[in-house]
Amino acid sequence: MNKIIVLTCLFLLTSCGTSTDTSLTTTPFAGGGFSIDTPKTWIAVDKAALPTTKNGTIALALTSTDIVSGYSNNMSILKEKMTETMSSKKYSVVNYALTTSAYREFIKLEEKVITFGDNDESNLYVFEAKYNTNTPKQKFIQTAKVCGDTVYLITFGLGLTTGTTTKYEDLIKSFVCNK
């Protein structure tokens with residue numbers, strides 16, 4: 001539940017809605033025990049603007065520089081040590097179950113199994129939701145990746161006008177655990 005609250009705060013600080021990204025040129029990011037391809041034009045969110053997490057830490061927070069109606073697309077990766085052994089897929093399913101009750105006007109758009117480069121599988125969820133009655137509805141893409149005893153919760157917050165999410169899913173699939 002704390003992860004959901006942290007992500008809500010993060011997205012409220014870094015985005016408030018939609019963007020018009022039409023292409024994603026990527027750049028590699030490496031640090032915090034992982035690497036992932038990220039949108040080249042997106043910028044890191046200032047650490048001072050990030051919420052303090054009760055459990056885990058925000059390993060990466062990026063936001064699009066394209067702003068439409070005061071909102072921008074964003075990405076966050078929350079990192080946390082696990083207290084029990086769990087697969088990426090199981091963690092993703094459990095987190096999704098908790099997520100559904102944490103938002104308003106929640107609509108599940110898609111659920112599918114994805115495979116990371118190391119052949120680890122996880123469930124990927126695409127859904128629309130509002131943080132609360134005062135915020136606009138957004139589209140979210142979310143999954144989890146377990147690396148040893150650490151889990152990474154990967155989330156994209158996108159504008160409702162975002163059509164296909166394939167390019168963001170491809171970025172998620174590029175996630176690699178570093179030793």
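Reading the values: rules and limits
- Residues numbered from 1 in each chain as written.
- Predicted model: local features only at pLDDT ≥ 70, side-chain atom pairs only at ≥ 80, totals over all residues.
- Heavy atoms only, no water.
- Salt bridge = Lys/Arg side-chain N within 4 Å of Asp/Glu carboxyl O.
- Helix = DSSP H or I, 4+ residues; strand = E, 2+ residues; numbered from the N terminus.
- Buried < 20%, exposed > 50% of the residue type's maximum accessible area, 1.4 Å probe, protein only.
- Disulfide = S-S within 2.5 Å.

> Sorry, what's going on with the pattern of salt bridges here?
Between side chains of opposite charge, pairing is possible as soon as their charged atoms come close. For the structure shown, the criterion picks out 8 salt bridges. A salt bridge links glutamate 111 to lysine 108, with the nearest nitrogen and oxygen atoms 2.5 Å apart. For the salt bridge of lysine 112 with glutamate 169, the shortest nitrogen-to-oxygen distance reads 2.6 Å. In this pair, lysine 112 sits in strand E6 (residues 104-115) while glutamate 169 sits in helix H3 (residues 166-173), placing the two residues 57 residues apart along the sequence. Judged by relative accessible area, lysine 112 falls into the partly exposed class, the value being 28%. By relative accessible area, which is 3% here, glutamate 169 ends up buried.

> Help me understand the state of the cysteines, please; the structure alone is not making it clear to me.
Here, the word disulfide means a covalent bond between the sulfur atoms of two cysteines. Throughout the structure, instances matching the rule amount to 1 disulfide. The disulfide bridge from cysteine 147 ends at cysteine 177, spanning 1.9 Å between sulfur atoms. Looking along the S-S bond of the cysteine 147-cysteine 177 disulfide, the torsion reads about -70°, which is the left-handed sense. Pair noted here: cysteine 147 is in strand E8 (residues 138-147) and cysteine 177 is in strand E10 (residues 176-177), with a separation of 30 residues, a long-range link. Residue cysteine 147 is classed as buried on the basis of its relative accessible area, which comes to 14%.

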